[in-house]
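# Observations on the three-dimensional arrangement
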Amino acid sequence: MKKFSVVIAGGGSTFTPGIILMLLENLKRFPLRAIKFYDNDAERQEIIAKACEIILTEKAPEIEFCYTTDPKTAFTDVDFVMAHIRVGKYPMREKDEKIPLRHGVLGQETCGPGGIAYGMRSIGGVLELVEYMEKYSPNAWMLNYSNPAAIVAEATRRLKPNAKILNICDMPIGIESRMAQIAGLKSRKEMRVRYYGLNHFGWWTQVEDLQGNDLLPVIRKHVAEHGYIPKVAGEPVEASWNDTFGKAKDVWALDPSTMPNTYLKYYLFPDYVVAHSDPHHTRANEVMEHREKNVFSACRAITSAGKSSAGHLEIDEHASYIVDLATAIAFNTQERMLLIVPNNGSIINFDPEAMVEIPCIVGSHGPEPLVMGKIPLFQKGMMSQQVAVEKLVVEAWIEKSYLKLWQAITMSKTVPSATVAKAILDDLIEANKEYWPELK
């Protein structure tokens, strides 16, 4: 069986150890000969990498391992690039969230003005990774889950149309895991779904078990009362996420025939989100105080003790999904997966150039999108508005256009007026001087 070489771009991410643990758990179906880490922050990456090196030495010493800030070393002789970069790291995420809140607009990592700001930072970083891959390993595939995925996907469609890049998101996977629990199944892999939308902006129209039994009635009944919060509690969930899963019952009420992605709460109930936000302590602060602190502490403990048992690291849900995707490409498994791909008629009555999130059959040649048919006016109207936002952001980045970025923020369903949009934009420009192109 062929063995593969992988580079994890964003080696200093707190999600990287989870990917390593998942890769190790799946060596029988996705064998590895080499793992590399790449990051432009050497100090941050080293803390994660040293701990991962100990884990790999203990569990799979035959796998070659290195970490580097040199693109040539990182991207030469690799089969897959697993990319999850965060340009500006969490201090910039904090600004993305707090600046809009100062103007009475929700502050969120991938939605609204905060997501637009993050997108303007991410485009250049992801394009740079694509160029490294094409230069040093032109036959490799990039599995990209760098956020905001919708804007990044639109940028790669426009600027790298022939690149072997697949854009993915784990949020539907997390929701499907909750659906499976609500329906009494052991795993989301015991379900088959139909879903359409944009990234962080979609709806399930069909959820069945593998025997073809309709699971929607029992899921619908539960969500109407509890949202996506199962009756039997699983792993502890932070309060902000619990609120998001609970609020799904109000999002669902707008179209009870479908099941919604939780992120729709930001577009449909922005006033609720602002009212329940602390402008001085946002989600970025929660992550820095908990996940960042815990993962780096665990890695330092492992390195100090020289053994993996000295620190607790967890496998993340999205790590599982990315291994499934790599395996589908590597061994032509024809697995059915949700991916962000050009519409090209999959949603018949929607923009053919839009980057939509839909089920695809994945094999060695990449994804084959399934046809989702026509969609209702409510969803089509919302999606059309959001696609226009995403396209304007990418055009603003390409053209260095202040006007188009102002238009994008104005058009976001989370922003009440062009006046507010301009005030937020001017503050975001000041905060992002090191990261955005200079707008004209």
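None of these values were measured; they are calculated from a predicted model.

## What about the overall build of the chain?
The helix and strand inventory of the chain stands at 16 helices and twelve strands. A compact globule built from 440 residues should have a C-alpha radius of gyration of about 22 Å, and the chain, at 21 Å, falls within 12% of that. Expressed as lengths along the three principal axes of its C-alpha atoms, the size of the chain is roughly 55 × 55 × 40 Å. Across the 440 residues that make up the chain, the buried fraction comes to 57%. Long-range contacts, defined as pairs at least 24 residues apart, comprise 71% of the intrachain contacts of the chain with a sequence gap of at least 6. If you sum the accessible surface of the chain, you get close to 18,100 Å²; carbon and sulfur atoms cover 51% of it. A distance of 2 Å separates the average location of the 49 positive side-chain charges in the chain from that of its 54 negative side-chain charges.

## Focus on the UniProt feature "binding site: Mn(2+)" (unreviewed entry) in the chain
As recorded in UniProt, the feature "binding site: Mn(2+)" (unreviewed entry) lies at C169 and H200. Across 32 residues of sequence, these annotated residues stay compact in space, with a maximum C-alpha separation of 8.3 Å. Here C169 lies in the loop between β6 (165-167) and α7 (171-182). Taking relative accessible area as the criterion, C169 reaches 5% and is therefore assigned buried.

## Here's the deal with the UniProt feature "active site" (unreviewed entry) in the chain
Mapped onto the present numbering, the UniProt feature "active site" (unreviewed entry) falls on D170 and Y263. Despite a sequence span of 94 residues, these residues sit close together in the fold, their greatest C-alpha distance being 12.3 Å. Assignment of secondary structure puts D170 in the loop between β6 and α7. Mapped onto the elements of the fold, Y263 is located in the loop between β9 (259-260) and α10 (264-268). The contact partners of Y263, leaving out residues within four places of it in the chain, are Q108, T110, C111, M171, H200 and W241.

## Focus on the packing of aromatic side chains
As enumerated under the stated definition, the model contains 16 aromatic pairs in all. Pairing Y196 with W203 gives two aromatic rings, centres 6.0 Å apart and planes at 35 degrees, and the pair type is tilted. Just as Y196 is buried, W203 falls in that class too. Taken together, F4, F30, F80 and F331 form an aromatic cluster joined through their ring pairs.

## Here's the deal with the nonpolar core
Nonpolar side chains in soluble globular proteins tend to be buried together. Counting residues in each nonpolar core, the largest one holds 97 residues, and the members touching the most others are M82 and L143. Within the second largest apolar cluster, 27 residues are counted, among which are V105, L405, I424 and L425.

## A closer look at the pairing of strand β1 (residues 4-9)
Taken across its six residues, β1 has six buried, putting it largely inside the fold. Alternating positions in β1 separate into two faces, F4, V6 and I8 on one and S5, V7 and A9 on the other, with burial throughout. Here six bridges tie β1 to strand β2 (residues 32-38), and the two strands are oriented parallel to one another. Bridge pairing in β2 places V6 opposite I35. Each parallel crossover has a hand, and the one from β1 via helix α1 (residues 16-25) to β2 is right-handed. Here four bridges tie β1 to strand β4 (residues 80-83), and the two strands are oriented parallel to one another. Along β4, the bridge assignment pairs V7 with V81.

## A look at the sheet that holds strand β8 (residues 201-209)
Taking strand neighbours across the sheet as the criterion, the three strands line up as β7-β8-β9 in an open arrangement whose pairing is antiparallel. If you trace the sheet from one side to the other, it starts and ends with β7 (191-198) and β9, each paired once. Note: β8 against β9, two bridges, orientation antiparallel. Paired with W203 across the two strands is P260, which belongs to β9.

Thresholds applied
Residues numbered from 1 in each chain as written. Predicted model: local features only at pLDDT ≥ 70, side-chain atom pairs only at ≥ 80, totals over all residues. Heavy atoms only, no water. Helix = DSSP H or I, 4+ residues; strand = E, 2+ residues; numbered from the N terminus. Rg over C-alpha atoms; globule rule 2.2 N^0.38 Å. Buried < 20%, exposed > 50% of the residue type's maximum accessible area, 1.4 Å probe, protein only. Contact = heavy atoms within 4.5 Å. Areas by Shrake-Rupley, 256 points an atom, 1.4 Å probe, with all protein chains shown as cover. Lys, Arg positive; Asp, Glu negative; His and termini not counted. Charge placed at Lys NZ, Arg CZ, Asp CG, Glu CD. UniProt positions renumbered as here; feature names shortened; annotations may be inferred. Phe/Tyr/Trp six-rings, centres within 6.5 Å; stacked < 30°, edge-to-face > 60°. Core = buried A, V, L, I, M, F, W, Y, C linked by side-chain atoms within 4.5 Å. Pairing = 2+ DSSP bridges. Right-handed = clockwise from strand over helix to strand, strands pointing away.

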